[in-house]
Amino acid sequence: MSWKPTLASADRLRAKLDDEFETVAKPQGLRRTSDARREQEAVAPTVDTGEWQRSSEQRAPARGRRAASVDGQAGADDGKPERKGPSLKMRAVGYLSRREHAREELARKLSAYADDAAEVEAVLDTLEKEGWLSTERFAQSLVHRRASRQGAARIVQELRQHGVDDVQVAELRDQLRATEYDRALEVWKKRFDAKPADRAAYAKQARFLASRGFAHDVIRRIVGDHDEE
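Residues numbered from 1 in each chain as written. Predicted model: local features only at pLDDT ≥ 70, side-chain atom pairs only at ≥ 80, totals over all residues. Heavy atoms only, no water.

Participant: Even after reading the chapter, I still don't get the overall build of the protein, so can you show me in this structure?
Facilitator: A count of helices and strands for the protein gives eleven helices and zero strands. When each of the 229 residues of the protein is scored for burial, the buried share is 29%. For the protein, the proportion of contacts with a sequence separation of at least 24, taken over those separated by at least 6, is 58%. Approximately 16,600 Å² of the protein is accessible, and the part contributed by carbon and sulfur atoms is 52%. (Helix = DSSP H or I, 4+ residues; strand = E, 2+ residues; numbered from the N terminus. Buried < 20%, exposed > 50% of the residue type's maximum accessible area, 1.4 Å probe, protein only. Contact = heavy atoms within 4.5 Å. Areas by Shrake-Rupley, 256 points an atom, 1.4 Å probe, with all protein chains shown as cover.)

Below, the structure is given as structure tokens:
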């Protein structure tokens, strides 16, 4: 009796053959895929991401250094440091708002903030034209502040130190000399109670008034006349 495969047995046979084929074919396909990947990696250059990041970080400061050098060169080409704070004129007005100044005195104060003397002179000329600066007004103000405590000789010396012209100095000296005795007497009264009783006291009082700049003839009238003292 011969065996004849039925339809069901034929299906089972095909399924079995398919399973055997997949079992044999899949590892081979996997091997081919992994082999291809290794071949591609061998051909393509490898990129180290850490090395790329380090290179980028090194390039960034270099660009910063180049920018800084450009800025530094710009400052060097300019040749002058950037000035900060108020302008020369504003500084001068600030000084003058507190009290009167002579031109030479104000020039000395502004010279510390100026690049050259011509710049200071230009500011001073402008201030004189606008009425902010007046050496004549300064001289009168100084006399007013000093007259109650000092004699004509000392005040005149200070006026000349501040650059007041000789004509104005002479006029102010004459005014001070006209009131020299009265002013010296008030200064003497504030310091001493009575005229000197002996030569030593006379010398002390005379030296005091002389140090204040009062004239010798005025001193004799106030403290008396003790020979050459």
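On we go from here.
Participant: What is the right way to read helix α11 (residues 216–223) from this model?
Facilitator: Since there are 3.6 residues in each turn of an α-helix, residues three or four apart along the chain are aligned in direction. Within α11 the residues assigned to the buried category are V218, I219, I222 and V223. Summarising the axial view, the buried residues of α11 lie within an arc of 110°, below the 170-degree limit, and thus occupy one face. Along α11, exposed side chains directed more than 90 degrees from the buried face belong to H216 and R221. Two residues or fewer past α11, G224 is found with a positive phi of approximately 100°. (Arc of directions from axis to C-beta.)

Participant: Help me out: how do you make sense of the environment of H162 in this one?
Facilitator: The topology assignment puts H162 in the loop between α7 (152–161) and α8 (166–178). Apart from the residues within four sequence positions on either side, H162 is in contact with A102, E104, E105, R108, F138 and L142.

Participant: Just checking my understanding: could you explain the nonpolar core for this structure?
Facilitator: In a soluble, globular protein the nonpolar side chains are often hidden away together inside. Of all hydrophobic cores here, the largest spans 15 residues; its most connected members are W188, L209, F214, I219, I222 and V223. For this core, the secondary structure elements donating two or more residues are α9 (180–191), α10 (199–211) and α11. (Core = buried A, V, L, I, M, F, W, Y, C linked by side-chain atoms within 4.5 Å.)

Participant: Would you mind going over the pattern of salt bridges with me for this structure?
Facilitator: Opposite charge on two side chains permits pairing when their charged atoms draw close. Counted under the stated rule, the structure contains nine salt bridges. We note a salt bridge from E128 to R103, for which the minimum N-O separation is 2.9 Å. You can see E128 sitting in helix α5 (residues 117–130) and its partner R103 sitting in helix α4 (residues 103–110), a full 25 residues away along the chain. By relative accessible area, which is 35% here, E128 ends up partly exposed. Salt bridges here are not isolated pairs; linked through shared partners, they connect R103, E121, D125 and E128. (Salt bridge = Lys/Arg side-chain N within 4 Å of Asp/Glu carboxyl O.)

Participant: Where do I start with the side chain of R146 in this structure?
Facilitator: In this fold, R146 is placed in helix α6 (residues 135–146). Of the residues examined, R146 reaches a relative accessible area of 18% and is grouped as buried. Once residues within four sequence positions are removed from consideration, R146 is found in contact with I155 and E158.

Participant: So what exactly am I meant to see when it comes to the confidence of the model for the protein here?
Facilitator: Interpreting fine coordinate detail is not advised for predicted regions of low pLDDT. Per-residue confidence for the protein gives a mean pLDDT of 77, with 61% of residues at or over 70. When the criterion is pLDDT under 50, residues 42–47 qualifies, and its contacts beyond four places in sequence or with other chains add up to zero contacts. Segment residues 59–78 is flagged for pLDDT under 50; beyond a separation of four residues in sequence, or across chains, it makes zero contacts in the model. (pLDDT = per-residue confidence, 0-100.)

Participant: For this particular structure, what's the right way to read the packing of α9 against α11?
Facilitator: Between two packed helices, what matters for the description is the angle formed by their axes and the separation of those axes. Where α9 contacts α11, the axes come no closer than 10 Å and their chain directions differ by 50°. Between α9 and α11, the angle falls in the class oblique. The handedness of the crossing between α9 and α11 comes out as right-handed. Two secondary-structure elements touch here, α9 through E180, Y181, A184, L185 and W188 and α11 through V218, R221, I222 and V223. Grouping the amino acids of the contact of α9 with α11 by side-chain chemistry returns seven nonpolar, no polar and two charged. (Axes fitted to C-alpha atoms, helices over the stretch in contact; angles between N-to-C directions. Parallel < 35°, antiparallel > 145°, perpendicular 65-115°, else oblique. Left-handed = near helix turned anticlockwise from the far one by under 90°. Nonpolar A, V, L, I, M, F, W, Y, C, P; charged D, E, K, R; others polar.)

Participant: What's the story with the packing of aromatic side chains in this structure? I'm lost.
Facilitator: The geometry of an aromatic ring pair is captured by two quantities: the separation of the ring centres and the angle between the planes. What the rule picks out here adds up to one aromatic pair. Ring geometry for F192 versus F208: centroids 5.5 Å apart, planes at 80°, classification edge-to-face. Of this pair, F192 sits in the loop between α9 and α10 while F208 sits in helix α10, and the two are 16 residues apart along the sequence. Geometry around Y113 places R91 over its ring, the cationic atom sitting 3.8 Å from the centre. Positioned above the aromatic ring of Y181, the side-chain terminus of R221 is 4.0 Å from the ring centre. (Phe/Tyr/Trp six-rings, centres within 6.5 Å; stacked < 30°, edge-to-face > 60°. Lys NZ or Arg CZ within 6 Å of the ring centre and 35° of its normal.)

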